[in-house]
Amino acid sequence: MDGAAGPGEGPAHETLQTLSQRLRVQEEEMELVKAALAEALRLLRLHGPSTSLQSSGTPAPTRDSSITAPPGLPPTCSPSLVSRGTQTEEKLEMESSSGPPGLSNGPPALPGASEEPSGTQSEGGCSSSSGAGSPGPPGVLRPVQPLQRSDTPRRNSSSSSSPSERPRQKLSRKAASSANLLLRSGSTESRGSKDPLSSPGGPGSRRSNYNLEGISVKMFLRGRPITMYIPSGIRSLEELPSGPPPETLSLDWVYGYRGRDSRSNLFVLRSGEVVYFIACVVVLYRPGGGPGGPGGGGQRHYRGHTDCVRCLAVHPDGVRVASGQTAGVDKDGKPLQPVVHIWDSETLLKLQEIGLGAFERGVGALAFSAVDQGAFLCVVDDSNEHMLSVWDCSRGVKLAEIKSTNDSVLAVGFSPRDSSCIVTSGKSHVHFWNWSGGAGVPGNGTLTRKQGVFGKYKKPKFIPCFVFLPDGDILTGDSEGNILTWGRSVSDSKTPGRGGTKETYTIVAQAHAHEGSIFALCLRRDGTVLSGGGRDRRLVQWGPGLVALQEAEIPEHFGAVRAIAEGLGSELLVGTTKNALLRGDLAQGFSPVIQGHTDELWGLCTHPSQNRFLTCGHDRQLCLWDGEGHALAWSMDLKETGLCADFHPSGAVVVVGLNTGRWLVLDTETREIVSDVTDGNEQLSVVRYSPDGLYLAIGSHDNMIYIYSVSSCGTKSSRFGRCMGHSSFITHLDWSKDGNFIMSNSGDYEILYWDVAGGCKLLRNRYESRDREWATYTCVLGFHVYGVWPDGSDGTDINSLCRSHNERVVAVADDFCKVHLFQYPCARAKAPSRMYSGHGSHVTSVRFTHDDSYLVSLGGKDASIFQWRVLGAGGSGPSPVTPSRTPSLSPASSLDV
């Protein structure tokens, strides 16, 4: 705020004294404003009708009655409510009304002379035009004189000042300057930023722009108005693109696998496809090449879920799949109920929806019956009581339900020999359930439990997995690294009213198999068993009597074994806790076919000339991905959280911003760090090279943008300057096409412009930047993209935005797990879009590849990376609607969004 000391510039008592004095002055000034307004209204009532209109209803004559207003220009008014930037202010045009007609209280206008409106308007919206020949210093609001335009009639040019009117005229001048004082001292959004009418001869001095109506639009976030200026080429709102874009997105590839915190997540279908899940998507992956070879292959996707998938089960026919999702909330905060989908893996069509409204927090585990043609499905709810229920798959009805345990349940399964036997295991327990179907009547079945007794064996803290052996025994793997064999015994039932036999299980053998927990057990086709360890990362093959036959160790950087599935021949698929999917065998080892991040993702940038992109996040990994080969090109440990990244235009180096204020420049081929610099001690949220590669801009949470000059294809850099002026942390920035200017957004929704080449200066007249062309458009606030914001937004609903290189569409990442595609420019309120789901968390970033053939999106907490193929109207070259010649809004009115 110009002319006012901030709270941090002096001792506390001086600051309080200054604020108190300012408050008193403002209260006095407000009284003057009220008095001036009342006087203006009185004068209008007394003199307006008789002096502005003739008895015939035609305009009153001016000094030159042959001059008329040009078509399309509204008449001037006194007083008026003018939409000015971010707020509507009362504009008092005090024109004294005594004296003969034809005279004014301002200097007479020369015949044929045109007015150059001067004075200052800040973003807060207070501006005026002083009389001709006295523009006044910038930042000072002159008392508003009648417009001296030779081509515009004056509505009230009735008087010169008589002695009795001079005090009133003096009062009006005081009121005008007071209004400016109030604006300058109270506005926090513009902080002295000038607006269109700030300097004689500037863009705001065009004769048609004698007020701010029709040259800006504004939207409100958290009640705060944000002004965006309309490019000069805009003529009509109707000429702007309407409707969703002709381009569409098709999910091409999903990078990652949810092994970090889930089980029952890896199976092989009859078709040979591997089925697993991440976020809200169930992936059907067909490996390419041979065991241990490159990944290749292809993916299909089941996308029927509305929230994150947590578990899978494959039907005995090897075609149908059941997938259970967690509970969630929609964009309005309403809960989404967990549910189980049964779907066809060949057609990807949903066959049955089970349990809608029956589960609470989510589906924790599920399994098909092995006999009865897989007619039944058992489900464990993630509620506090972990309800166990049995469902008829074909009818979708619940046959039986019972409280399982208050402890967590990690696995469930039907006996392959008898569908009336169900086993569950989890925290400190193994439960053996007997299910009576109740003749298939919904809710008429019963479930009875018998708890596994460990006896002389140590009771483990967790039993994460179990497997049924062909002879009817059960093997359990526990957190102590032991494999226990539970033998089955049969006895006559002595329960009154029940005949037949009753099965019980007791421990018959124990084998110490791993150091640390056993996360997975898998029964192979040859009758041997595979176990996967957590801490020791070993895969061990066991023969009869739990004799170890063969083993292999998973490399440390892939994590522990989470799940095991048997592929074709001797091939094995292994899912790991670091979200990798490995393929191979015990003899030759394993290689990754699917890899992913393990924690929240934020940093994303695409290569300037190749279909490659780079990601980083809270797992401290920096990863370069090959979008054509659908594989990880390389990765490295940053030792710190990476939050943002950008390629140099040459593609030779990439800059990565970290959460500590450090930023690194790495060679993209050798991965060698060529620069390691720290700016401030707060996290960096955006890094961006200029289009010519000569500058690097670094946006920090310390409210500053650091500018570096760059040479040697990005390998050398030196501090050029700092852009200081934002009142909150930097969120987004873009360079102009000539590489001289920056547009930036901040956490308090400011839009500021900077002259970098001119010394990192803040451009106070934001109106002058309305026609500037931008090399990229990733700022979420701006005229060309304000239509992407939803109604009632709190300012955090959009995390990332990216315009395509051909300037036809803009992609948006929102806080509600969705990716949107809008036409560009998107300058209409409530603009329609094409919406795409699949992410299970807030989408943190979106970027187009260099040729706009793909769009990459990042999930936040779900750690997923989606690669979308862009289909539909394509073609190279800019959109027919570019910033310099965009069909635009009529200057008839300003829009409130």
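About the criteria used
- Residues numbered from 1 in each chain as written.
- Predicted model: local features only at pLDDT ≥ 70, side-chain atom pairs only at ≥ 80, totals over all residues.
- Heavy atoms only, no water.
- pLDDT = per-residue confidence, 0-100.
- Contact = heavy atoms within 4.5 Å.
- Pairing = 2+ DSSP bridges.
- Helix = DSSP H or I, 4+ residues; strand = E, 2+ residues; numbered from the N terminus.
- Axes fitted to C-alpha atoms, helices over the stretch in contact; angles between N-to-C directions.
- Buried < 20%, exposed > 50% of the residue type's maximum accessible area, 1.4 Å probe, protein only.
- Salt bridge = Lys/Arg side-chain N within 4 Å of Asp/Glu carboxyl O.

For the chain, mean pLDDT is 79; residues scoring 70 or higher make up 74% of the total. Counting interchain partners and residues more than four positions distant, the pLDDT-below-50 stretch residues 290-295 has 14 contacts.

The next subject is the sheet that holds strand β21 (residues 421-426). Spatial strand order, β20-β21-β22-β23: 4 strands in an open sheet with antiparallel pairing. Whereas interior strands pair on both sides, the edge strands pair on one side only; in this sheet they are β20 (409-414) and β23 (446-451). In this sheet, neighbouring strand axes are inclined to one another by 25° on average, regardless of whether the strands run parallel or antiparallel. Sheet analysis places β20 next to β21, joined by 5 bridges and oriented antiparallel. The partner of Val409 across the bridge, within β21, is Gly426.

The two faces of the sheet receive side chains in turn, since in a regular strand these alternate between them. With respect to burial, strand β30 (residues 538-543) is a largely interior element, 6 of its 6 residues being buried. Neither face of β30 is open: one carries Arg538, Val540 and Trp542, the other Leu539, Gln541 and Gly543, and all of them are buried. Pairing between strand β29 (residues 529-533) and β30: 4 bridges, direction antiparallel. Among the inter-strand pairings, Gly532 is bridged to a residue of β30, identified as Leu539. Counting the residues in the hairpin turn of β29 and β30 gives 4 residues, including Arg537, whose phi is positive at 60°. Strand direction decides the pairing type here: β30 and strand β31 (residues 547-553), joined by 6 bridges, are antiparallel. Looking at β31, one finds that Gln541 is bridged to Gln550. Two successive antiparallel strands, β30 and β31, enclose a turn made up of 3 residues, where Gly545 displays a positive phi of approximately 75°.

Within the element layout of this structure, Ser264 appears in the loop between β5 (248-255) and β6 (267-268). Considering only alpha carbons, one finds Ser264 and Ala563, 299 residues apart in sequence, at a separation of 7.3 Å. Setting aside residues no more than four positions away along its own chain, Ser264 makes contact with Phe277, Cys311 and Leu312.

Here we come to the pattern of salt bridges. Under the criterion given, the structure shown has 26 salt bridges. Residue Glu551 is joined to Arg538 by a salt bridge in which the shortest nitrogen-to-oxygen separation is 2.9 Å. Of the two residues, Glu551 is situated in strand β31 and Arg538 in strand β30; the sequence distance between them amounts to 13 residues. Across the salt bridge formed by Arg803 and Glu807, the nearest N and O atoms sit 3.8 Å from each other. The pair formed by Arg803 and Glu807 is uniform in burial state, with each residue classed as buried. Salt bridges linked by common partners bring Lys737, Glu773, Arg803 and Glu807 together as one network.

Looking now at unusual backbone geometry. Each neighbour pair has its own omega, and for Tyr824 with Pro825 the value is -5°, a cis peptide bond. Looking at the element boundaries, Pro825 is found in the loop between β54 (819-823) and β55 (834-836). Although it is not a glycine, Ser264 adopts a positive phi angle of roughly 50°. Notably, Ala863 is not glycine yet its phi reads approximately 55°, a positive angle. By the secondary structure assignment, Ala863 is in the loop between β57 (854-859) and β58 (865-871).

Sheet architecture is open: 4 strands sit in the order β6-β7-β8-β9, paired in antiparallel fashion. Since the sheet does not close on itself, it has two edges, and those belong to β6 and β9 (298-302), each with one partner. With 5 bridges joining them, strand β7 (residues 274-278) and strand β8 (residues 281-286) adopt antiparallel strand pairing. Residue pairing in the sheet places Phe277 in a bridge with Val282 of β8.

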